[in-house]
Structures are given as structure tokens and as C-alpha cells.
Amino acid sequence: MNGIKIKGTGQCLPQRVVTNEDLARIVETNDEWITTRTGIQRRHHISGEETIAGLSAAAARQALENAGITADQIGACIVATLTPDTLVPSAACCLQRELGLPNDIPCFDLNAACTGFLYALHTMECLLNAAPRKFGLVVGAEHLSRITNWQDRGTCILFGDGAAAVVVECREGWPSIGAVLGSHGDDQLLRVPGVEQDERSLIYMEGTKVFKFAIEAAPWCMDRVLEKVGKTVDDVDFFVFHQANARIIDLVVRRYHIPPEKYYKNIQEYGNTSAASIPLVLSDLVRLGKVGSGSRVLIVGFGGGLTWGGAYVEFE
Ligand code: UT7
């Protein structure tokens, strides 16, 4: 299979910023607890006229411009999300309309919770191998504030909204990103009820148990990906982690002796944005000049499902 590389990135965050102090007016919490237990200081929440379609389109336009390609060159579009504006049309079809993507391409949403972006990246690699157009648009976008339980202090302080996009290219001879994906069906630890159910569609999470799962899943994914692509930790220029909790990242980097200049946290600014979290890290890294042409990144994600995933991706 021919591999994909990242050619461009973009992001769009809602205007409204919600601080820990703001949340302390809603539930019994405080800035000190949130900062020390999660690393989060503020997050963005969708308000007013903002939508997933609008944020995704802005992020995607930036990514296309950054990649130096036009909408008509896109061969497939996937939006990783668990909070589209509407179930039908999908967020990807809304994006297709907004951007004027070609009609003869697949556009669809993918829900693998916080691992969604990695699932989408792998799916895109498979799709582009068979597509006549060799550029793909992968977006991670979430409106988690809409499904947040504002009475549950254990979860409502965690989540943020936002969208980020990458344009990838698939070329003959490029190695595969070596994605490793997995899941095991669990409806106890992390769930959001669906439309058919009596319960309101709000996030429920047993945080401590999910934390334990995450600190086992992340190293497992890292080891499997490196083994699959025949690389070592030293071959990686930058480590990109799903931003669920700063303590999870700290534990993993300590275990692998990863130096501070090789990983990055933006959870303090954005909170946990589920499927948007990894592309938000990627676009921040490009914006800050920390990665660029030739950089090799190891991406690791985990979340509801329970799901997990990893991939070794190069920037073109
Ligand atoms: O993105 C998908 C994957 N998600 C994750 O990976 C999330 C993983 N989990 C976590 O990040 C952490 O488990 C949380 C941040 C959600 C919670 O942190 P924790 O250290 O596991 O706290 P806890 O739930 O065990 O609660 C410890 C104490 C409790 O009080 P008592 O029973 O010890 O008196 C909670 O009631 O902290 C209390 N607490 C709070 N106190 C102030 C829980 N939430 C808050 C709060 N403010 N917001």
C-alpha cells in the first residue's frame, strides 16, 4: 500500500473562552483542582451562530491554502466527530457543500470518539490508494459543550469545542503510516446515549478507570506502531498525544524518556476536544514552526468505545 504524508494543516476555534473560574461559578470546583488534576486552564465553547460546519470549513480552507492545493483536487473527505450539527447530512457533506469539493468523491463522518482522527487518517490512506485524485481532507471537529453534563463536576470541566484539518497526499512509493487501531466494546466507562434512548444525550465517564486504560493503551500503541514501521523512539522527531489529561502525557513521556522539546501540550488552552484534539496539536506545531517538511511524528490516541490508535506520519 502507498502511504500518505501531511501536506497542510489548519484550525478554527470558537470565539468564546471559558476559564476555570467561569466553571467554578457553575459547579463546586476551583482553578487549583482543575489545573493540577488535568492541566486545563481554559477551553473554547461554541456560541451564537457558530457551527461545526462553519468551524470545519474555516479550518479546511486554511489547510488547503497551507498545502497549496485547491478544493477540486480533493479525492475524499472525512470528518471525525461525535457531535455533527446534524446526523444527516453528515458534517463531511456539509463541508463538501461549503468548500465546493468535487461530487464524485466519498464524503462521510467517522465516529471513533477521541481516536476518531487516527481512524480517519488510516481510512483516508486506504481510500486514496484507490482514488484517482491523490489529496485527502481529514478534519476533526467537536461541539462537546452541547453534550456536556453541567451538573457533573468530574466531566464538565474537561471538554472544549473546536475544529482542525489536515490535507494529506498519497504517492506511489511512500511508506504507509503503519496505523495500529483497536477497540473493545465497553458501554460502562465512557458513554453518550443516542437518539433512541430515554436518557439525555450527555457525556458520562468514569474518569479514573478511563485514566488507567489510557496510560496502558498509549504505550501499547507506541510500541506496536514503531514495531510495524521498523523505527525506534529516536527516529521520531515529535510525539503527538491526544490531549485528555496533562498527567497522562507526563506519565507516558517519562516512561520513554522523551525530552520536552519532542512533545507538546495545548490542553491548557483547549481542554479535551476529542476528535479535534490531535489535529489541533498538529496545526499548532506547524503554526509554531516546531514541525515542518520532513518531520516525522508519532501520533497516539485513545478514548470512548473504548478505542485506541497510533500512526507514524511524515510531513511533506
Ligand atoms: O478523552 C477520552 C479519554 N478520557 C480520558 O482519558 C480522561 C481520563 N480521566 C481523567 O482525566 C481523570 O480521571 C479526571 C480528570 C476525569 C478526574 O481526575 P481524578 O484524579 O481521577 O479524580 P477523581 O474522579 O478520582 O476524583 C478525586 C476527587 C473526588 O473527591 P473525593 O471523593 O476524593 O472527596 C471528586 O469528587 O476529586 C473530586 N472532584 C473534583 N473536585 C473539584 C472531581 N471533580 C472535581 C472538580 N473539582 N472538578
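Residues numbered from 1 in each chain as written. Predicted model: local features only at pLDDT ≥ 70, side-chain atom pairs only at ≥ 80, totals over all residues. Heavy atoms only, no water.

> Quick question: what am I supposed to make of the environment of aspartate 234 here?
Tracing the chain through its elements places aspartate 234 in the loop between helix 7 (207-229) and strand 11 (238-241). Looking at aspartate 234, the relative accessible area reads 67%, which means it is exposed. For the pair formed by aspartate 234 and proline 102, sequence separation is 132 residues and the distance between their alpha carbons is 41 Å. (Helix = DSSP H or I, 4+ residues; strand = E, 2+ residues; numbered from the N terminus. Buried < 20%, exposed > 50% of the residue type's maximum accessible area, 1.4 Å probe, protein only.)

> I would appreciate a short explanation of the sheet that holds strand 11 in the present structure.
Two modes of strand pairing occur in sheets, parallel and antiparallel, and in both the strands are linked by backbone hydrogen bonds. Sheet architecture is open: 4 strands sit in the order 8-13-12-11, paired in mixed fashion. Across the chains shown, the open sheet's two edge strands, defined by having one partner strand only, are strand 8 (180-183) and strand 11. Going across the sheet, the axis of each strand differs from the next one's by a mean of 10°, ignoring polarity. Bridge count for strand 8 against strand 13 (residues 307-314) is 4 bridges, and the pairing is antiparallel. Bridge pairing links valine 180 to glycine 310 in strand 13. Across the sheet, helix 10 (residues 277-287) touches strand 11 and strand 12 (296-303), and the angle it forms with strand 11 is around 145°. (Pairing = 2+ DSSP bridges. Axes fitted to C-alpha atoms, helices over the stretch in contact; angles between N-to-C directions. Contact = heavy atoms within 4.5 Å.)

> Explain the site of the ligand here, please?
The local shell around the ligand holds 23 residues, among which Thr29, Arg37, His242, Asn245 and Asn272 are the closest. Between arginine 37 and the ligand, the recorded distance is 2.7 Å, taken from a side-chain N or O atom to an oxygen atom. Between the ligand and asparagine 245, the relevant distance is 2.7 Å, taken from an oxygen atom to a side-chain nitrogen or oxygen of the residue. Against a free-state accessible area of 950 Å², the protein chains account for coverage of 72% of the ligand. Those elements that provide at least two residues to the shell around the ligand are helix 2 (31-38), helix 6 (153-156), helix 7, helix 8 (246-255) and strand 12. Element by element, the count of residues in the shell around the ligand is highest for helix 7, at 4 residues. Classifying every residue of the shell around the ligand gives 10 nonpolar, 9 polar and 4 charged. (Near = heavy atom within 4 Å. Polar contact = N/O pair within 3.5 Å; in protein donor to acceptor, adjacent residues only side chain to side chain. Areas by Shrake-Rupley, 256 points an atom, 1.4 Å probe, with all protein chains shown as cover. Nonpolar A, V, L, I, M, F, W, Y, C, P; charged D, E, K, R; others polar.)

> Teacher, can you tell me more about the packing of helix 3 (residues 52-67) against helix 4 (residues 91-99) here?
A pair of packed helices can be characterised by two numbers: the angle between their axes and the separation between those axes. Packing of helix 3 against helix 4 brings their axes to within 9 Å, and their N-to-C directions diverge by 60°. Between helix 3 and helix 4, the angle is such that the two are oblique. Considering the relative orientation of helix 3 and helix 4, their crossing is right-handed. Contacts from Ile52, Ala53, Ser56, Ala57, Ala60, Arg61 and Leu64 of helix 3 reach helix 4 at Ala91, Cys94, Leu95, Glu98 and Leu99. (Parallel < 35°, antiparallel > 145°, perpendicular 65-115°, else oblique. Left-handed = near helix turned anticlockwise from the far one by under 90°.)

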